[in-house]
Amino acid sequence: MKINALMMDEQDNVVTCVTEVPAGEEVIFRKGTELQTVKAEENIPYCHKIALTDLPAGSDVVKYGELIGRTTEDVKKGHWVSDRNILSVPRDYESEMIPLEADGSVSEAAKEQYTWGGNPGEGLSADEILKGLNVVRDPETGRMQFWGYKRKEGRAGIRNHVLILPTCACGSESSRIVASQVRGAVNIVFNTGCSDVAANTAMSQKVLTGFTLNPNVYGVVIIGLGCETVGHRQLREKIQAQTSKPVVSFGIQEEGGTLKTIEKAVRAAREMAAAAGLQQKELCDISELLLGIECGGSDATSGIASNPAVGECSDLLVDLGASSILSESIEWIGGEHIVARRAVTPELHNQVIEVCKAYEEHLKAAGQDCRAGQPTPGNKAGGLSTLDEKSLGCIRKGGTRPVTEVLEQAVRPQGRGAMVMDTAGYDISSVTSMVAGGCNLVIFTTGRGTPTGNAIVPVLKVTANERTFRMMDDNMDVDLSPIVRGEKSYKEMGRELVGVISDVMNGRLTKAEAYGFSDIAVDHVCRYV
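Just so we're clear, the structure is a prediction, and the values are computed from it rather than from any experiment. (Residues numbered from 1 in each chain as written. Predicted model: local features only at pLDDT ≥ 70, side-chain atom pairs only at ≥ 80, totals over all residues. Heavy atoms only, no water.)

1. Things to note about the overall build of the protein
Part 1 of the reasoning: The secondary structure content of the protein amounts to 17 helices and 24 strands.
Part 2 of the reasoning: For 529 residues, the compact-globule estimate of 2.2 N^0.38 gives 24 Å, and the protein sits close to it at 24 Å.
Part 3 of the reasoning: Taken along its principal axes, the extent of the C-alpha atoms in the protein is 75 × 55 × 55 Å.
Part 4 of the reasoning: Residues counted as buried form 57% of the 529 residues belonging to the protein.
Part 5 of the reasoning: Put simply, 69% of the contacts in the protein that link residues at least 6 apart link residues at least 24 apart. (Helix = DSSP H or I, 4+ residues; strand = E, 2+ residues; numbered from the N terminus. Rg over C-alpha atoms; globule rule 2.2 N^0.38 Å. Buried < 20%, exposed > 50% of the residue type's maximum accessible area, 1.4 Å probe, protein only. Contact = heavy atoms within 4.5 Å.)

See the structure below:
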């Protein structure tokens with residue numbers, strides 16, 4: 001018999017159908033090594049769940065071996081389980097915090113109740129991980145390498161962009177025109193920079209500064225208006241205090257208008273691009289890779305296939321010496337306890353829990369509920385019924401290696417390894433924060449498909465939804481649907497992704513990159529003033 005559904009854990013009381021199943025047909029799935037069946041009593045859409053047993057109103061619904069919600073009405077065996085009959089359960093964050101003694105130690109009783117430290121891996125050698133993959137390696141040490149651009153500050157980029165950077169929304173159009181006139185230049189469209197409270201201004205400055213410090217950037221041409229909150233000179237001086245990269249700036253009001261500013265900025269950008277063209281690529285160690293891990297337009301295939309494959313890829317890269325960042329903290333809610341268990345210390349464990357608690361409290365203070373916007377309508381149409389279900393699938397893309405840092409958004413890591421960043425669940429905002437934090441490549445899983453990209457870093461789009469890959473082949477880079485069809489394991493495809501990432505690091509353009517897509521969104525703490 002050919003399976004048409006997947007069970008994620010033997011404790012689950014639902015399975016996810018990986019084909020459309022008409023009423024009356026058998027749903028076939030594997031529980032451990034045994035094939036089992038359940039008859040569909042109604043039509044079950046692609047990527048949606050079916051009940052394996054009667055679930056009276058108020059019953060726990062279990063997927064991934066974890067609670068994803070409770071039923072709001074009776075759901076009979078063989079019936080469709082979806083957002084129409086299941087709701088998320090509020091989290092008890094206090095019970096998830098590890099109690100610490102006055103000296104910061106953990107009591108023996110707490111040690112028995114809580115775990116932390118993550119999965120250190122199987123200790124595979126580079127030869128074992130990279131066997132059969134076409135990647136660059138150091139002939140003496142065997143370590144994975146890539147051809148990149150070394151910066152004086154120590155980080156290496158996989159691209160060599162001249163960034164045309166507006167200080168505010170009023171400089172965005174001029175920046176776009178300048179970038180269009182200079183080969184090798186990229187621009188961002190900035191939607192803020194003025195009429196903001198101090199915290200929003202600080203976040204904007206952190207993002208703009210972080211963009212310029214990103215190792216994929218060779219130099220920067222700043223274009224301001226002249227009356228924004230932080231002027232072009234102030235931003236330039238702030239950047240120059242942190243880097244030796246070439247930085248110049250212009251103000252539209254000072255230069256006498258748009259045309260005069262564009263003329264000067266184009267000349268400066270051309271000179272910078274000419275100098276950038278002289279920089280030769282050098283062999284760089286894999287430790288220079290900081291991989292941002294993102295998802296968007298998720299459906300059930302994300303949690304059961306593409307996210308586990310990316311998580312495996314992240315684990316392998318960390319084992320090889322690279323670093324990775326898992327973001328979207330609102331999408332840890334429901335799985336925050338699993339992320340926290342990966343933390344290397346009890347303090348970091350508690351920081352993960354606190355991030356989710358603070359996120360919910362922030363929204364409640366404004367009279368809002370995070371579950372009103374998550375999952376999104378597209379997520380629900382794709383089979384994700386609750387925030388908990390989405391989160392339990394989302395966190396799998398971060399892998400299992402010990403978490404070494406819990407970062408605020410747009411903050412650069414101090415160390416290496418697997419890390420998490422407290423960002424918005426909005427994918428473009430999350431990518432923006434990770435790029436500002438220094439990620440030089442982003443891998444982006446999607447179930448329903450998305451075209452988004454970033455001007456500064458390549459965004460590699462992967463999907464395990466065969467229909468999406470076929471319908472949106474203009475945007476999708478990698479097809480992971482063999483996992484859903486049972487042809488390959490997520491571990492096999494995660495390993496293959498290491499080879500794909502090597503290609504991108506060495507110059508292969510992602511589809512979003514080839515189109516020149518440039519999406520950013522800066523998170524805000526409150527309204528414009």
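2. Focus: the sheet that holds strand β18 (residues 290–295)
Part 1 of the reasoning: The strand order across the open sheet built from seven strands is β20-β21-β19-β18-β22-β23-β24, with neighbouring strands paired in parallel fashion. Both outer strands of the open sheet, β20 (403–408) and β24 (478–479), are each paired with one neighbouring strand and no more.
Part 2 of the reasoning: For β18 and strand β19 (residues 323–326), the ladder comprises four bridges, and the chain directions are parallel. In the sheet register, L290 faces β19, and the bridge partner there is S323. (Pairing = 2+ DSSP bridges.)

3. Some remarks on the packing of aromatic side chains
Part 1 of the reasoning: The tally for this structure, following the rule as stated, stands at one aromatic pair.
Part 2 of the reasoning: With 5.1 Å between their ring centres and 40° between their planes, Y515 and F517 make a pair best called tilted.
Part 3 of the reasoning: Directly above the ring of F444 sits K461, whose terminal nitrogen or CZ lies 5.7 Å from the centroid. (Phe/Tyr/Trp six-rings, centres within 6.5 Å; stacked < 30°, edge-to-face > 60°. Lys NZ or Arg CZ within 6 Å of the ring centre and 35° of its normal.)

4. A look at the sheet that holds strand β9 (residues 86–87)
Part 1 of the reasoning: Across the sheet, three strands lie side by side as β6-β7-β9; this open sheet has antiparallel pairing. The open sheet has two free edges, formed respectively by β6 (60–63) and β9, since each of these has just one partner strand.
Part 2 of the reasoning: Relative to β9, strand β7 (residues 66–71) runs antiparallel, the two sharing two bridges. Bridge pairing in β9 places R70 opposite L87.
Part 3 of the reasoning: Along the sheet face, helix α13 (residues 387–394) touches β6 and β7 and points at about 160° away from the line of β7. (Axes fitted to C-alpha atoms, helices over the stretch in contact; angles between N-to-C directions.)

5. Structural notes on the packing of helix α5 (residues 198–213) against helix α14 (residues 427–436)
Part 1 of the reasoning: At a minimum axis separation of 7 Å, α5 and α14 run at an interaxial angle of 55°. Taken together, the axis directions place α5 and α14 in an arrangement best described as oblique. In this structure, α5 contributes K206, V207, G210 and F211 to the contact, and α14 contributes T432, V435 and A436.
Part 2 of the reasoning: Of the residues belonging to the contact of α5 with α14, the class tally is four nonpolar, two polar and one charged. (Parallel < 35°, antiparallel > 145°, perpendicular 65-115°, else oblique. Nonpolar A, V, L, I, M, F, W, Y, C, P; charged D, E, K, R; others polar.)

6. Section: the pattern of salt bridges
Part 1 of the reasoning: By the definition in use, this model includes 28 salt bridges.
Part 2 of the reasoning: A salt bridge links K264 to E255; the shortest N-O distance between them is 2.7 Å.
Part 3 of the reasoning: Judged by relative accessible area, which is 42%, K264 ranks as partly exposed.
Part 4 of the reasoning: Note on E255: relative accessible area 18%, which makes it buried.
Part 5 of the reasoning: Residues K491 and E312 are paired through a salt bridge, measuring 3.4 Å at the closest nitrogen-oxygen approach. With K491 in helix α16 (residues 490–505) and E312 in helix α9 (residues 300–320), this pair connects stretches of sequence that are 179 residues apart.
Part 6 of the reasoning: Residue class for K491 comes out partly exposed when judged on its relative accessible area of 39%. (Salt bridge = Lys/Arg side-chain N within 4 Å of Asp/Glu carboxyl O.)

7. Thoughts on the environment of Q253
Part 1 of the reasoning: Tracing the sequence through the fold places Q253 in helix α7 (residues 252–255).
Part 2 of the reasoning: The exposure class of Q253 is partly exposed, given its relative accessible area of 47%.
Part 3 of the reasoning: On a C-alpha basis, the gap between Q253 and K77 in space is 69 Å, while along the polypeptide they are 176 residues apart.
Part 4 of the reasoning: Sequence-distant contacts of Q253, that is, excluding residues within four places in its chain, are made with L225, G226 and C227.

8. As for unusual backbone geometry
Part 1 of the reasoning: In this model, Q374 is joined to P375 through a cis peptide bond whose omega is -5°.
Part 2 of the reasoning: Take P375: it is sitting in the loop between α11 (346–365) and α12 (377–381).
Part 3 of the reasoning: Residues other than glycine seldom take positive phi values, yet Y64 does so here, at roughly 60°.
Part 4 of the reasoning: Within the secondary structure, Y64 is located in the loop between β6 and β7.
Part 5 of the reasoning: You will see that E328, though not glycine, has its phi angle at about 60°, which is positive.
Part 6 of the reasoning: Topologically, E328 is positioned in the loop between β19 and α10 (336–341).
Part 7 of the reasoning: Judged by relative accessible area, which is 1%, E328 ranks as buried.

9. Let's talk about the pairing of strand β15 (residues 217–224)
Within a regular beta strand, the side chains point alternately toward one face of the sheet and then the other, so they alternate between its two faces.
Part 1 of the reasoning: In terms of residue burial, β15 counts as a mostly covered element, since eight of its eight residues are buried.
Part 2 of the reasoning: Note that strand β13 (residues 161–166) and β15 share six bridges and pair parallel. If you follow V162 over to β15, its bridge partner there is G219.
Part 3 of the reasoning: With five bridges connecting them, β15 and strand β16 (residues 247–251) associate as parallel partners. For G224, the partnering residue across the bridge sits in β16 and is G251.
Part 4 of the reasoning: In this view, the connection linking β15 to its parallel neighbour β16 by way of helix α6 (residues 232–240) has right-handed handedness. (Right-handed = clockwise from strand over helix to strand, strands pointing away.)

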